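Read off the chains here:
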Amino acid sequence: MDGIRTRWYKDAFIYQIYPRSFCDSNGDGVGDIRGIISKLDYLKELGVNAVWLSPCYKSPNDDNGYDISDYRDIMDEFGTLEDWKEMVAGMHERGIKLIMDLVVNHTSDEHPWFIESRKGKDNPYRDYYIWRKGKGKDGKKPPNNWTSRFGGSAWEYDEASGEWYLHLFTKKQPDLNWDNPKVRKEVQDIVRYWLDLGVDGFRCDVITYISKREGLPDGKFNIGAVGDEHFTHGPNIHKYLNELFTEVLSKYDCMTVGEAAGVTIEQAQLYTDESRGELDTVFMFEHVEVDRYFRMFPKKLSLPRLKAVFAKWQLGLRDKGWNSLYYENHDQPRSLKRFTGDYGNLRKEAAKMLAISLYMQQGTPYVYQGQEIGMTNYPFKSLDEHKDVVIRYVRKALGVFEPLLRKVVLKVMNIRGRDNARTPMQWSAQENAGFTSGTPWINVNPNYKEINVEAELADPDSILNFYKKLIAFRKNNDIIKYGNYKENYASHKDIYCYERWWHGEKLFVLCNFKNKPVEFKATKDLAYETCELKLHNYGYDRTAPEDMVLRPYEAMVFLIK
Ligand code: GLC
Ligand code: CA
């Protein structure tokens, strides 16, 4: 449908696949495209109508594919471009759109552009990246004090040319120089290439970092993120995004979602305002930072704070942009426990409650692989079990103090670590959870015998079957899509209660976030003629949002007319 941009993403329910950990078809322990193909019917039955696929391009895998060495081909471990084409065709046949990850803030240091760039100051590709002279007499100090998002300096010294290059992530992920028009043209060509192959959209990796402030000034003191103010929403970001939109994206019926750490409502409005032509949606981070000090160190979740963030975004982007709804992705720990506390033997109830709490809101919903069966964090016993590149940085930063601090660091990593979400998808109670017939690249969560797709399919009351119901309920539901948002009892520390209404109809959403019974007092101004219970995580035995004692994690949705 070239040329006509529809807003299909407003009706989408998107499933995120982290290909390395989804399904392995050939027994090498690594998930792959043919594995995904074998699960397309599963996705269709779940009811999702789009997939966001984390990077599957050629990559030396320093950061599991977020370091790309060839933007136009598929990673050997994942298969071939032919497999990929078969996968897209299979998705489209089933009414599932495909959103690819677009990682263009940086490339791999093994990308031909960087290999050339590194050859010397006169190389035509030199200016594709950000090279600078160092400070100090001999230039052996980094050009500024910016830090990599993973820790340490964001600069790497190159002996041959005596200059430094910038890498906001690992040193194998050099940042592209977006101020160079040739780089922007290359990105346009890559995007066009995939759109012409049938891709329906892009999740734009750390897209808010692409424009760096001229002169690259030192950043102010900022734990773990020095320099932020000079490259997050940098000076030319809107111009560059608008250019990409005008030149390429606007000509296709596609959608974009920008990963936007630290984004405020005001900025998100600018990025997603349809009349400006930049991005369609963004992923904000505020709700996944309410249980963190300095965005990093775990702290106890405060429900009123979480609710305040939701309310702020629901109201703030209303009619001005469009929200994305998520609790999990490949960078976040699992949502169970994190948002529910200790659920004991109420895993099912807790997982369903979380789904209700989020997915009745306005915006495009995302579900991350395994979330729909209530997968949990992994019980790491040592730092060696964490495969994430982040751990390398953490250990390096600790240096000789590591043995001393190991216990604390392990504790923090076990709560926060990205590998919690990257353990293999649990398909069955068979060996390795049915993920692979070989040795998985990362350990399978030992709870796979109880928590797996096969068991979930067999149990009519399972989390998975609840997700199916919820996804079906959301489909074509104008109240959820367009309705207003109002929160009740904003300061209540256990109850999350909100209303959505549209053209005389209302959804009344009531969730108990606590693992204990909690008393609910009916809202006074709620008048109605009919009240129907649409979703419930306990036996569908409630009739109206009246005074009641909510059971642990009880959650329900009423349709009120
Ligand atoms: C994004 C990705 C993350 C990756 C980083 C660098 O935040 O989601 O997995 O490590 O970008 O590309
Ligand atoms: Ca494989």
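That block above? That's the structure.
Residues numbered from 1 in each chain as written. Chains lettered and ligands numbered in written order. Predicted model: local features only at pLDDT ≥ 70, side-chain atom pairs only at ≥ 80, totals over all residues. Heavy atoms only, no water.

A. Inspection of the overall build of the chain at higher detail. The helix and strand inventory of the chain stands at 15 helices and 22 strands. By the compact-globule yardstick of 24 Å for 561 residues, the chain fits well, its C-alpha radius of gyration being 24 Å. The principal-axis extent of the C-alpha atoms belonging to the chain is close to 75 × 55 × 50 Å. Across the 561 residues in the chain, those meeting the buried criterion constitute 61%. When contacts within the chain are restricted to residue pairs at least 6 apart in sequence, those whose partners lie at least 24 apart make up 69%. For the chain, the computed accessible surface area is about 22,100 Å², with 52% contributed by carbon and sulfur atoms. The distance from the centre of the 80 positive side-chain charges to the centre of the 82 negative ones in the chain is 5 Å. (Helix = DSSP H or I, 4+ residues; strand = E, 2+ residues; numbered from the N terminus. Rg over C-alpha atoms; globule rule 2.2 N^0.38 Å. Buried < 20%, exposed > 50% of the residue type's maximum accessible area, 1.4 Å probe, protein only. Contact = heavy atoms within 4.5 Å. Areas by Shrake-Rupley, 256 points an atom, 1.4 Å probe, with all protein chains shown as cover. Lys, Arg positive; Asp, Glu negative; His and termini not counted. Charge placed at Lys NZ, Arg CZ, Asp CG, Glu CD.)

B. Spatial organisation of the site of ligand 1. Close to ligand 1 lie 14 residues, the nearest being Asp63, Asp205, Glu259, His330 and Asp331. Aspartate 331 has a polar side-chain atom sitting 2.5 Å from an oxygen atom of ligand 1. For ligand 1, whose free accessible area comes to 310 Å², the fraction covered by protein is 96%. Both of domain 1 (10-104 + 200-207 + 258-471) and domain 2 (106-175) provide at least three residues apiece to the shell around ligand 1. (Near = heavy atom within 4 Å. Polar contact = N/O pair within 3.5 Å; in protein donor to acceptor, adjacent residues only side chain to side chain. Domains from an automatic or database assignment.)

C. The pairing of strand E9 (residues 201-204), seen in detail. Along E9, one buried face is formed by Gly201 and Arg203 and the opposite face, lined by Phe202 and Cys204, is buried too. Where E9 lies against strand E10 (residues 255-259), four bridges are found, and the strand directions are parallel. Bridge pairing in E10 links phenylalanine 202 to threonine 256. (Pairing = 2+ DSSP bridges.)

D. Structural view of the side chain of arginine 318. As for its position among the elements, arginine 318 is in the loop between helix H9 (303-316) and strand E14 (324-325). The buried category is assigned to arginine 318, whose relative accessible area is 13%. Polar contacts involving the side chain of arginine 318 include one to the main-chain carbonyl oxygen of tyrosine 482, which spans 2.8 Å. Leaving out residues up to four positions away in the same chain, arginine 318 has contacts with Gln362, Tyr482, Gly483, Asn484 and Trp502.

E. Structural view of the packing of aromatic side chains. A full pass over the atoms with the stated rule returns 36 aromatic pairs. Judged by centre distance (5.7 Å) and plane angle (80 degrees), the ring pair of tyrosine 489 and phenylalanine 520 falls under edge-to-face. Here the residue tyrosine 489 occupies a position in the loop between strand E16 (484-488) and strand E17 (495-502), and phenylalanine 520 occupies one in strand E19 (residues 518-520), the gap between them amounting to 31 residues. Overall, the relative accessible area of 29% leaves tyrosine 489 in the partly exposed class. With relative accessibility at 1%, the residue phenylalanine 520 sits in the buried group. Aromatic rings pair up to connect Tyr57, Tyr71, Trp84, Trp113, Tyr125, Tyr128, Tyr193 and Trp194 into one cluster. Across from the ring centre of tryptophan 427, 4.0 Å away, lies the NZ or CZ of lysine 39, which sits over that ring. (Phe/Tyr/Trp six-rings, centres within 6.5 Å; stacked < 30°, edge-to-face > 60°. Lys NZ or Arg CZ within 6 Å of the ring centre and 35° of its normal.)

F. Summary view of the coordination of the calcium ion (ligand 2). Donor atoms from the polypeptide that bind the calcium ion (ligand 2) are Asp24 (OD), Asn26 (OD1), Asp28 (OD), Val30 (O) and Asp32 (OD), placed at 2.2 to 2.3 Å. All donors of the calcium ion (ligand 2) belong to a single chain; written as a sequence motif, their spacing is D-x1-N-x1-D-x1-V-x1-D. (Donors = N, O, S within 2.8 Å, 3.2 Å for Na, K, Ca; no water.)

G. Fine view of the packing of helix H11 (residues 389-398) against helix H12 (residues 402-416). Closest axis-to-axis distance for the H11/H12 pair is 10 Å, and the angle between their directions is 145 degrees. The way H11 lies across H12 gives a crossing that is right-handed. Together, Ile391, Val394, Arg395 and Leu398 of H11 and Glu402, Leu405, Arg406, Val409 and Met413 of H12 make up the contact between the two elements. (Axes fitted to C-alpha atoms, helices over the stretch in contact; angles between N-to-C directions. Left-handed = near helix turned anticlockwise from the far one by under 90°.)

H. Structural detail: the sheet that holds E17. With antiparallel pairing, the five strands of this open sheet are ordered in space as E16-E17-E18-E22-E20. Pairing within the sheet leaves two strands with one partner each, and these edge strands are E16 and strand E20 (531-536). In this sheet, adjacent strand axes meet at a mean angle of 20 degrees when their direction is disregarded. Note that strand E18 (residues 505-512) and strand E22 (residues 555-560) share six bridges and pair antiparallel. By the bridge assignment, cysteine 511 is partnered in E22 with alanine 555.

I. Seen up close, helix H10 (residues 347-359). Across its 13 residues, H10 extends 18 Å between first and last C-alpha, which sits within 8% of the 18 Å expected from 1.5 Å per residue. Within H10 the residues assigned to the buried category are Arg347, Glu349, Ala350, Ala351, Lys352, Met353, Leu354, Ala355, Ile356, Ser357, Leu358 and Tyr359. (Expected span 1.5 Å × (residues − 1).)

J. Spatial organisation of the state of the cysteines. Tallying each qualifying case throughout the model produces zero disulfides. You can see cysteine 204 has no disulfide; the closest cysteine sulfur is in cysteine 254, sitting 9.3 Å from it. Assessed through its relative accessible area of 4%, cysteine 204 is described here as buried. Unpaired in this structure, cysteine 511 has its nearest cysteine sulfur neighbour in cysteine 497, at a distance of 8.5 Å. (Disulfide = S-S within 2.5 Å.)

K. Inspection of the packing of helix H5 (residues 181-196) against helix H7 (residues 237-247) at higher detail. Packing of H5 against H7 leaves a shortest axis separation of 10 Å and a crossing angle of 45 degrees. Between H5 and H7, the crossing angle belongs to the class labelled oblique. The hand of the H5/H7 crossing is right-handed. Where H5 approaches H7, its residues Arg184, Val187, Gln188, Val191 and Arg192 are matched on the opposing element by Tyr240, Glu243, Leu244 and Glu247. Residues that form the contact of H5 with H7 fall into these classes: four nonpolar, one polar and four charged. (Parallel < 35°, antiparallel > 145°, perpendicular 65-115°, else oblique. Nonpolar A, V, L, I, M, F, W, Y, C, P; charged D, E, K, R; others polar.)

L. Structural view of the side chain of glutamate 372. Here glutamate 372 is to be found in the loop between strand E15 (364-368) and H11. The contacts of glutamate 372, once residues within four sequence positions are left out, are Tyr15, Tyr42, Leu46, Val367, Met425, Glu456, Ile463, Leu464 and Tyr467.

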